[in-house]
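Reading the structure
Here's the letter readout for the chains.
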Amino acid sequence: MKVLSGIQPTGRFHWGNYFGAISQYIALQDSEQAFYFIADYHALTTVRDPQMLSGYVRDAALDLLALGLDPQRAVLFRQSDVPEVTELTWLLMTLTQMHLLEKCHAYKDKKAKGIAADAGLFTYPVLMAADILLYDSDVVPVGLDQVQHIEVTRDIATRFNSIYGVEALKLPNASVLDSSAKVPGIDGEKMSKSYDNTIELFETPKKLRKKVNRVKTDSTPVEDPKDPEQCAVFALYRLFADEQQQQDLAARYRSGGMGYGEAKAALYEAAMEHFAVARERREALERDPDTVEDILRAGAARASEVGRGVLDRCRSACGLVRRS
Ligand code: ADP
Ligand code: TRP
């Protein structure tokens, strides 16, 4: 079984990215084969500053490795290091029906707001289909918002196979990340870069404390009982704490006499502890950019070996000359 997923380098990763996506990638790296990539071609549809883009790509690689993505067990690479994916995108584009793309939410939402979309945003799901199909992926772990793109991928692959009368492309399945893992941001809404409510994974301790202190709470007085289930601080604490710790803090909420400040202090401590090893690993990797670059290049070499085989299968299905 081959697992594959990609994450866009469009800013520093936050707790939502970690608990919603990255932790699952790491858990799945013991599958038969795991391929993960930093989707820099995709990021070009939103990041137009070259220094920022290369900085985000570097940060993404450092974060993923520091958090435990192990290059011995998973193939980690930069999307643009395997440019074959853009060739497959073209082959797929020639037979992708417009109506499939017109209903995709990134484009539809923009259009509904009256914002002009670029062709890159419109055809983004075809690039994503190529990402998945180029590596014969079986399972694609994604958040709920990406399921539509996996459906489009299956539609495109089915059409390609049917037009050319060969099973050149393998149909993937989405594995939807636990939707209960909708991590709240400091305003209590879904944590997202677009809402400016994130807590980044590797904030300085001082900044982290500040952000945790800003997490929105209600105005229940200290002495009154509080409902942990209605509290964003508790929802965040739960991500880091074991069952016993959760029960203990919930009991403190319900019995009254505890201010939110105390819950926030517990959250801060739990988060610092949870990421302590990763923080150290990140600092060490930051001092060793050559190693990180070597890991990405070795990953790309492995990925392109697989990708070239699949691309050749597709070229030959279409009547183009095989390359290898
Ligand atoms: P952002 O909303 O900050 O731009 P992305 O859309 O780039 O984040 O998210 C990348 C991955 O992280 C996706 O797979 C998504 O499911 C996951 N993710 C992002 N925010 C959250 C959240 N608040 N809760 C759970 N998962 C999240
Ligand atoms: N579009 C995905 C996102 O925004 C990132 C992505 C690009 C991806 N290509 C992929 C995810 C292929 C899974 C498989 O989160």
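Reading guide: rules and limits
Residues numbered from 1 in each chain as written. Chains lettered and ligands numbered in written order. Predicted model: local features only at pLDDT ≥ 70, side-chain atom pairs only at ≥ 80, totals over all residues. Heavy atoms only, no water. Helix = DSSP H or I, 4+ residues; strand = E, 2+ residues; numbered from the N terminus. Buried < 20%, exposed > 50% of the residue type's maximum accessible area, 1.4 Å probe, protein only. Core = buried A, V, L, I, M, F, W, Y, C linked by side-chain atoms within 4.5 Å. Domains from an automatic or database assignment. Near = heavy atom within 4 Å. Polar contact = N/O pair within 3.5 Å; in protein donor to acceptor, adjacent residues only side chain to side chain. Nonpolar A, V, L, I, M, F, W, Y, C, P; charged D, E, K, R; others polar.

Now for unusual backbone geometry. Even without glycine at this site, Asp136 takes up a positive phi of about 50°. Its location among the elements puts Asp136 in the loop between α7 (119-133) and β4 (139-142). Looking at Asp136, the relative accessible area reads 18%, which means it is buried. Non-glycine residue Asp196 carries a positive phi angle of around 55°. With respect to the helices and strands, the residue Asp196 is situated in the loop between β5 (173-176) and α9 (205-214).

To continue, consider the nonpolar core. In this structure, Trp15, Leu67 and Tyr253 are the most contacted members of the largest nonpolar core, which totals 63 residues. The element that contributes the greatest number of residues to this core is helix α3 (residues 50-66), accounting for 9 residues. Residue assignment places this core across two domains, with domain 1 (2-182 + 289-318) and domain 2 (203-274) each supplying three or more. Counting residues in hydrophobic clusters, the runner-up holds 42 residues, among them Leu95, Ile132, Leu133 and Ala157.

Our next topic: the site of ligand 2. If you check the shell around ligand 2, you find 13 residues, and the closest are Gln8, Tyr124, Met128, Asp131 and Gln146. Within the contact set of ligand 2, a nitrogen atom lies 2.8 Å away from a side-chain nitrogen or oxygen of Asp131. For ligand 2, a nitrogen atom lies 3.1 Å from a polar atom in the side chain of Gln146. Those elements that place two or more of their residues in the shell around ligand 2 are β1 (2-7), α7 and β4. Of the residues forming the shell around ligand 2, the biggest block, 4 residues, is contributed by α7. Looking at side-chain class alone, the shell around ligand 2 contains 7 nonpolar, 5 polar and 1 charged residues.

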